[in-house]
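Given next are the chains, with one letter for each unit.
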Amino acid sequence: MFVTIALLFLFIGLAAGVVGSIAGLGGGIFFVPALLFFANLYMPGSMQPHTAAATSLIVIAVTALSSSISYLKQKKVDLQSALLFFIGSAPGAIVGVYLNTLLETNQFSLLFGLFQLCMFIVLMVKDKIKPRQLHWDVKRHFVDSEGNEYEYGYARWMAILVAFFVGITSSLFGVGGGVLMVPAMMILFRFPPHIAAATSMLVILFSAVVGSITNISHGYINWMYAAMLGPGAWAGGQLGAFVANRMKGKTIVLLLRVLILGIAVQMIGETIFR
């Protein structure tokens, strides 16, 4: 049974690493449900929400490091923006760790599912939202491989504020924060999909490291499951960045929508029928 679980988590780490890297999510939307379901199936009652979130977060750091190395080589990362977002996300990540311990399993699953559902709705209507230049302090220009031109930017104070809530989400749900960061970057700041996904992964790396240090100090991480997920997550991060470089921006957005809706339905359904 142990070998079966180990191989299962290796595959989950690989699949989540690939998809998470492509969409800029980090993979936590897969790690957390998998840990709560399969770990408790293997050893009933052994995996609590705060442990699942903490274990997921450190594996996300592995995925984010792997994919960020590839994205930096591809010159898809907006490094200056990533560092600014980190200023806000770092304290948020610490706050999220403490908030997580206050949630029961059912509360965690329901909030996680509702959060994902909200993100799906936002992505569905994002093309109908007309972003405005709210006195942008920072402006960028980017031309993708298809010849599409993008102008994007942000006010520094707003970027830090958004990143703070992303940091809280990252540690609270153990998802890395990309599920909020990528839509926010695309809708609020007009980031092109490829740049949003790549930059998000670097921000996720920074936030995940900060959150994981806090989790380690409290002993929340299950190192056995982290070790099972880690190798696949590293390989998946590399492969996902390679695949994303050959995908169209619209395809990345579509993939993001499908993933978020699927996880939302799964987590809310688990709460209702438990």
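Remember, predicted model here, so these are calculated numbers, not experimental data. (Residues numbered from 1 in each chain as written. Predicted model: local features only at pLDDT ≥ 70, side-chain atom pairs only at ≥ 80, totals over all residues. Heavy atoms only, no water.)

1. What to know about the pattern of salt bridges
Within this structure, the stated rule accounts for 1 salt bridge. Linking Asp78 and Arg140 is a salt bridge whose minimum nitrogen-to-oxygen distance equals 3.1 Å. Here the residue Asp78 occupies a position in the loop between helix 3 (49-74) and helix 4 (79-100), and Arg140 occupies one in strand 1 (residues 138-143), the gap between them amounting to 62 residues. Given the relative accessible area of 7%, Asp78 is considered buried. (Salt bridge = Lys/Arg side-chain N within 4 Å of Asp/Glu carboxyl O. Helix = DSSP H or I, 4+ residues; strand = E, 2+ residues; numbered from the N terminus. Buried < 20%, exposed > 50% of the residue type's maximum accessible area, 1.4 Å probe, protein only.)

2. Digging into unusual backbone geometry
Positive phi is not limited to glycine here, since Lys75 has a value of about 60 degrees. Residue position: Lys75 is located in the loop between helix 3 and helix 4. Within the chain, Arg190 stands out as a residue other than glycine whose phi angle is a positive 65 degrees. Take Arg190: it is sitting in the loop between helix 7 (178-188) and helix 8 (193-218).

3. Details of the packing of aromatic side chains
The tally for this structure, following the rule as stated, stands at 11 aromatic pairs. A ring pair is formed by Tyr152 and Phe191, whose centres lie 4.3 Å apart and whose planes are at 45 degrees; its orientation type is tilted. A residue pair is termed long-range when its members are at least 10 positions apart, and Tyr152 in strand 2 (residues 149-154) and Phe191 in the loop between helix 7 and helix 8 qualify at 39 residues. Each member of the pair Tyr152 and Phe191 is classed as buried. (Phe/Tyr/Trp six-rings, centres within 6.5 Å; stacked < 30°, edge-to-face > 60°.)

4. Considering helix 8
In this model helix 8 runs 36 Å from its N-terminal to its C-terminal C-alpha over 26 residues, within 8% of the 38 Å that 1.5 Å per residue would give. By the criterion of burial, helix 8 is predominantly enclosed, with 20 of the 26 residues buried. A positive phi of about 70 degrees marks Gly219, the residue just after helix 8. (Expected span 1.5 Å × (residues − 1).)

5. Notes on the UniProt feature "transmembrane region" (unreviewed entry) in the protein chain
In this numbering, the UniProt entry assigns the feature "transmembrane region" (unreviewed entry) to residues 7-39, 51-71, 83-101, 107-125, 160-189, 195-216 and 251-273. With 100% helix and 0% strand, residues 51-71 has end C-alpha atoms that lie 30 Å from one another. Within the segment residues 195-216, helix and strand shares are 100% and 0% respectively, and the terminal C-alpha atoms sit 31 Å apart. (UniProt positions renumbered as here; feature names shortened; annotations may be inferred.)

6. Side note on the environment of Val162
Structurally, Val162 can be placed in helix 6 (residues 156-173). A sequence separation of 77 residues divides Val162 from Phe85, and the C-alpha atoms of the two residues are 8.0 Å apart. Contact partners of Val162, with chain neighbours within four places excluded, come to Ala184, Leu188 and Phe189. (Contact = heavy atoms within 4.5 Å.)

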